Amino acid sequence: MAQFSYFFLFFFFVFTIKVNPCCSVDRIDEYSIVDSDVVDAFHGDYTPPSPPPPSLPPLPPPLSCEEDLNGIGSLDTVCEVNSSLNFDNDVYIAGNGSFHVLPHVVLSCALKGCSISINVSRGHFSLGQNAVVFAGTVFISALNASFSEGSVVNVSGLAGTPPSQTSGSPSGVTGSGGGHGGRGASCVTDNTKLPDDVWGGDAYSWSSLDKPWSYGSKGGTTSKEVDYGGEGGGRIRLEVNQTIVVEGNLLANGGNGDLKGGGGSGGSIYIKAHRMIGSGRTSASGGNGFAGGGGGRISIDVFSRHDDTEFFIHGGKSFGCPDNSGAAGTYYDAVPRSLIVSNQNRSTSTDTLLMEFPKQLLWTNVYIQDHAKASVPLLWSRVQVRGQIRLSSGAVLSFGLAHFASSEFELMAEELLMSDSVIKIYGALRMSVKMHLMWNSKVLIDGGADAIVATSLLEASNLVVLRESSVIHSNANLGVHGQGFLNLSGPGDMIEAPRLILSLFFSINVGPGSILRGPLENASDNDMTPRLYCELQDCPMELIHPPEDCNVNSSLSFTLQICRVEDIVIDGIVTGSVVHFHWVRNVVVNSSGSITTSALGCTGGVGRGKVLNNGLAGGGGHGGKGGKGYYDGSFIEGGVSYGDADLPCELGSGSGNDSLAGATAGGGIIVMGSLEHSLSSLSVYGSLRADGESFGESIREHDRRTVSNIGPGGGSGGTILLFVHTIVLSDSSVLSMAGGHGSPSGGGGGGGGRIHFHWSDIPTGNEYLPIASVKGSIDTRGGFGRGQGHTGENGTITGKACPKGLYGIFCEECPIGTFKNVSGSDRVLCYNCPSDELPSRAIYIDVRGGVTQSPCPYKCVSERYHMPHCYTALEELVYTFGGPWLFGLILLGLLVLLALVLSVARMKYVGGDELPAVMPARQSSRIDHSFPFLESLNEVLETNRTEESQSHVHRMYFMGPNTFTEPWHLPHSPPEQVTGIVYEDAFNRFVDEINGLAAYQWWEGSIYSILSILAYPLAWSWLQQCRKMKLQQLREFVRSEYDHSCLRSCRSRALYEGLKVASTTDLMLAYIDLFLGGDEKRSDLPPRLHQRFPMSLVFGGDGSYMAPFSLQSDNILTSLMGQSVPPTIWYRLVAGLNSQLRLVRSGHLKLTFGHVISWLETHANPTLIRYGVRVDLAWFQPTSSGYCQFGLMVCASSNENVQHWSEGQDRYLPPMEQSRWRGSSRRDSAGSSGAVEHSRICQKINGGILNAKSLRTFKMKRAICYPFSFIVYNTKPSGHQDLVGLLMSIILLGDFSLVLLTLLQLYSISLLNFFLVLFILPLAIVLPFPAGISALFSHGPRRSAGLSRVYALWNITSLINVITAFICGFIHYWNHSRKKHMNFQPWNFSMDESEWWILPSGLVLCKIIQARLIDCHVANQEIQDHSLYSSDPEVFWQS
């Protein structure tokens, strides 16, 4: 709505500026009125019914064209006058043709009242350039008429006799101006008359202003002997059937009277046509003189106007009184029915009379502008138009007579627009408009002394706007009504009256610096004080139950009432003695706004302080007693308190006596709403004041007597009574009913006033909303007593009794932890809630509408706790089953029971696969098959392998661990063992090809890196899968794709034989076996075993938990070793060595390899030496990254008592072979002794031997997962497989149960913690359970061991999630401990969150135990012969 108001204000501003000629920069003449948009607005076609033509004046005989006018042609065809003519009598020219006055021709009849009539109604009339028609009356009737540029029709100062019974010509020798359309000015000063009652010639011909045909009047003279007055203006009448073109001048001005005579009044100009164009000048202004003449009358009756003609109707200048020019005439536009009164910015105090307005065919618009002064002199008149009444540029419109202000006037229009103008009403005004806009204007109402007609009513149904210090002032009762907006825009804008009623508006805005006042500021005491009977304590009923009609009623108490208004916004001042807001919805008092009745109460009253004879008095009383005054050692009693604090409606009382030393007044009354109609909302950012008056400290003058500062006490504060639904008092707001201060010589301070908040329909229960937001100040203090006078008592602040659950003046909810079950406002009625009903993790909560009964509502301190006992989800589960101890027992029993069920199911499902398989013995086998061989070590039964190794030449091991960062690769340059069977260049190309094939793609390593971060078990599975695929690619390449071009054997190249790729089962060690093709014809190939010494046997694996070191003895290796060592010895050696290698840990190689070296010296070599063989732990093939391979270096021993064994024959070799072997052994033994021989061997195997000494200097690299090697590692078998399986089942179920309980606990803390623990490594905390079940229920020891290792990986990986649970629990505990004191009430301080660590700790312990059990389970599955770990070599070899 505010935007709507501002739009109209802006429109009003722009519109007013446009129509103000003073502001025009494009006007042609200084006094032109046609630059106004009002005239331009009607240049378009307009089609009302045309008025009937006027009757023509009596006509003389017509003249002929050639004979009488010396023209050319005929009036019945075309007549052209080309020479000037002077006439001495009336002239009549008529014909059926056209009449043209050629340029520079003058037709003149310079006699007063002489007429020139031209009637060519069927032809055309034209007045050429600079041509002139000069006479007293000019009448032209034509089909078309044209007045060229420079042409003139001039009847100025040639008026005939004015109409009879008019007083246009002034009498006497005052030199006044003549009157016609406006009164003539008078420069005579008459002290017995008001200025408005002095004028010259009077106005006349009002009734014919639409078709003016009157002469102007002669001006007065200053001499009885000589008439110096100017003559009146003549008459011009132009009747054109079609088009009239006015480019020249039409002049009917009054004659000038110079300094000794008054100016004559303007004449009459009437133009009737269908269409009008041109930009000429039309003037009927008054003549200049000692006093200016009044303006004449102009009327234009043109159906379609397209002209820019200038019109002048101003009064003449007054040389005797320059500020009082003649009054303006009238300009009437008949088609739009608009009347313009313009004095072309000539100031005047002379009126243009606006007589009776038409009742039928109402005028559309009336414009009074440019310092015109119009008057409606007729009593009980009505001014009614269909459109606008606009006053602008210093215009004045007055109603009635200043000395007879007892009439009532009506003003009715669509819009009343005022800009820099004044409307004066002498009497009362009934105004009814839709829009009233004021810009630096005033409406002044002088109601006179007649009480019957003293009330004025201004009604604007849509909009009332006051801007730029606009004022509506009435010294009688005033009512302003409307249905739209009332806007006092800014400083200086004011509406004031002794009794002011504003009603029926949708919105009222009192802008900054604006004032609504009732009563007037300098009114008498009778006007200031409402009829509240100050000496009685009775409360006027109209304050509590005001009438519904909102009419102005002088019998009521209100001095200012705003009634039936939706919204009120106050940025200015609203002041009065009794201010009442009735049937108002919303009131906003902004920071610059104020509603005040301060010092506008009673000067006496019930609470008046006692007065001494010298005028010194005690303070006035009201809400509190007045302070005692002090004089000459004695105290003067202050006024008593009075009124009802629960429903106050009294004026504040004063102090003192006007007849002595003056008096002070109490505060007035501010009432908002009523019992029946409360305000919806009151928002105060400024102030509401009803303060008592203080006595000034300075010396005053009273009744021409100098009175010292001995004086009365302060007045008491008044009353603020608020019937409201909701209220907002901001930080800067002030509600003040303070008492006034006493006089300096001992006057007592006034008592404070009263304020009462009478709430309507206080919502309760779930419908409750806060009804007050109070941050400002409410002041009811008593005034200060000066000298030794006492301070007045404080006033009262009360509110309506609050319902249950609410307390205080503003009916707020009882504090948290209290309840109120009775009505009332005292704080003590809010009782404390019983603390024993509150759970330990709960706090009391506020309830909408307050708590009305016990027990008080509460809530848990966090959403993770559940009502009603505020347990967590975990605690609810625990206490559902009887508490922690009982729950723990039930859970343990359930775990044991489920574990037993799992164990039984596992035994039935996989029990047969775990039994040792008894293999049938072959006839050709000499091996004891009573003990099992490990499948994971590729142990196979003894067979005849001589044929398999007949063609084997050499085994080349790939370098690298087959990882994404270091894949398999072969060294360049063939070893010396194969130089005889390969081409070196081709072999190097083969190495390049196979190394390129063995490398991994970048994305494979990227996937591995991502999975290593998210879930390492999946990364391990991905790595193994990639290794398997890589091995398959290498095999396929060597088997079918490579052409074997590196081999010298034609047969091998043809059959794609001679090369074979294989790897260990852990896929970390790969090798290529080279074979003879059969067509080499070399007796030294293949080499025997002793010729291959020293021979390297590389371990598979890397010593990690998932890939322990192991020696894989395949068919070829077994056959080769079988040349010296019986297979049973070799199998047993490999089984024992692998069992020892299981215990080697990659991060502890120095320690664990020491045990392997010791085992080789105590168990392996003493037996092997008997067969001329020795094995040593060694390292091989180091890479640039520091990775090296470990294995055995097999050499010949130096033992002379060698036992020789040959497969398929006797156990021992023949003596000749023995001697040959022995000799070779001696040479080997002799050659192997010494450091030189050791260095040669190490160089040959590209590595070094590890012994106790070299281990001390061995450098180890530890991975980032090194700490986990203390938790999961390979151990010796413990046996008791069923018991271990049962314990694993129990711990697995316990782990899963603890995981669920931990997640439940974290969910109770927060959902974020729950997801962090669950997804920091996605689902790693819950995946050990399915992995464990899969491991327990797998078939076969080897598969079970492999799945158990994956289970162990998931178990150790989930520790990251458990650590996250630790961190989340600690952060929660720390935050809880830090905030506990500020979040919990003192009656509820029993929270204990210190058990956060129990479940995560249980999980850590459970996972460590699981890791040990898994290690035992894996060892039991992989090592079923416990004698492999026997420390006694005899036991080891005899098992």
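Points about the side chain of glutamate 415
And step 1. Note that glutamate 415 resides in strand S28 (residues 415-419).
And step 2. Within the structure, the side chain of glutamate 415 is placed 2.8 Å from the side chain of glutamine 388, a separation counted as a polar contact.
And step 3. Those residues in contact with glutamate 415 that lie beyond four places of it in its chain are Gly387, Gln388, Ile389 and Met435.

Observations concerning the packing of aromatic side chains
For any pair of aromatic rings, geometry is given as the distance between the ring centres together with the angle between the planes.
And step 1. Summed over the entire model, instances satisfying the criterion amount to 34 aromatic pairs.
And step 2. An angle of 75 degrees between the planes, with centres 5.7 Å apart, marks the rings of phenylalanine 1109 and phenylalanine 1190 as edge-to-face. Of this pair, phenylalanine 1109 sits in the loop between strand S67 (1095-1098) and helix H12 (1115-1121) while phenylalanine 1190 sits in strand S69 (residues 1189-1196), placing them 81 residues apart in sequence. Phenylalanine 1190 carries the same exposure label as phenylalanine 1109, and that label is buried.
And step 3. Look at phenylalanine 1315 and phenylalanine 1319: their rings are 5.9 Å apart centre to centre, the planes differ by 15 degrees, and that puts the pair in the stacked class.

Some thoughts on the packing of helix H18 (residues 1281-1309) against helix H20 (residues 1328-1336)
And step 1. At their nearest, the axes of H18 and H20 sit 9 Å apart, and the two run at 160 degrees to each other. With respect to H20, the axis of H18 lies roughly antiparallel. In terms of crossing hand, the pair formed by H18 and H20 is left-handed. Touching Met1288, Ser1289, Leu1292, Leu1293 and Phe1296 of H18 are Pro1328, Phe1329, Gly1332, Ile1333 and Leu1336, all from H20.
And step 2. Grouping the amino acids of the contact of H18 with H20 by side-chain chemistry returns 8 nonpolar, 2 polar and no charged.

Points about the sheet that holds strand S64 (residues 952-957)
And step 1. Ordered in space as S64-S66-S65, the 3 strands form an open sheet in which the pairing is antiparallel. Of all the strands in the sheet, the pair left with one neighbour each is S64 and strand S65 (1059-1063). Averaged over all pairs of adjacent strands, the angle between their axes in this sheet comes to 25 degrees, without regard to strand direction.
And step 2. Alignment of S64 against strand S66 (residues 1070-1075), held across 5 bridges, turns out to be antiparallel. Among the inter-strand pairings, arginine 955 is bridged to a residue of S66, identified as aspartate 1073.

Section: the confidence of the model for the protein
And step 1. Here the protein shows a mean pLDDT of 83. Residues at 70 or above account for 86%.
And step 2. Here residues 1-54 is a poorly scored stretch, pLDDT under 50, and it has 113 contacts once near neighbours within four places are set aside; other chains count.
And step 3. Within the model, the stretch residues 1207-1236 combines pLDDT values under 50 with 36 contacts to residues more than four positions away or in other chains.

Let's talk about the pattern of salt bridges
Opposite charge on two side chains allows them to pair when their charged atoms are near.
And step 1. This structure, assessed with the given rule, holds 31 salt bridges.
And step 2. Taking the shortest distance from any N to any O, the salt bridge between arginine 1142 and glutamate 1422 comes out at 2.8 Å. Within this pair, whereas arginine 1142 is found in the loop between helix H13 (1127-1141) and helix H14 (1149-1168), its partner glutamate 1422 is found in helix H22 (residues 1398-1422), the two being separated by 280 residues in sequence.
And step 3. By relative accessible area, which is 5% here, arginine 1142 ends up buried.
And step 4. Since its relative accessible area comes to 14%, glutamate 1422 is described here as buried.

Basis of the calculations
Residues numbered from 1 in each chain as written. Predicted model: local features only at pLDDT ≥ 70, side-chain atom pairs only at ≥ 80, totals over all residues. Heavy atoms only, no water. Helix = DSSP H or I, 4+ residues; strand = E, 2+ residues; numbered from the N terminus. Polar contact = N/O pair within 3.5 Å; in protein donor to acceptor, adjacent residues only side chain to side chain. Contact = heavy atoms within 4.5 Å. Phe/Tyr/Trp six-rings, centres within 6.5 Å; stacked < 30°, edge-to-face > 60°. Buried < 20%, exposed > 50% of the residue type's maximum accessible area, 1.4 Å probe, protein only. Axes fitted to C-alpha atoms, helices over the stretch in contact; angles between N-to-C directions. Parallel < 35°, antiparallel > 145°, perpendicular 65-115°, else oblique. Left-handed = near helix turned anticlockwise from the far one by under 90°. Nonpolar A, V, L, I, M, F, W, Y, C, P; charged D, E, K, R; others polar. Pairing = 2+ DSSP bridges. pLDDT = per-residue confidence, 0-100. Salt bridge = Lys/Arg side-chain N within 4 Å of Asp/Glu carboxyl O.

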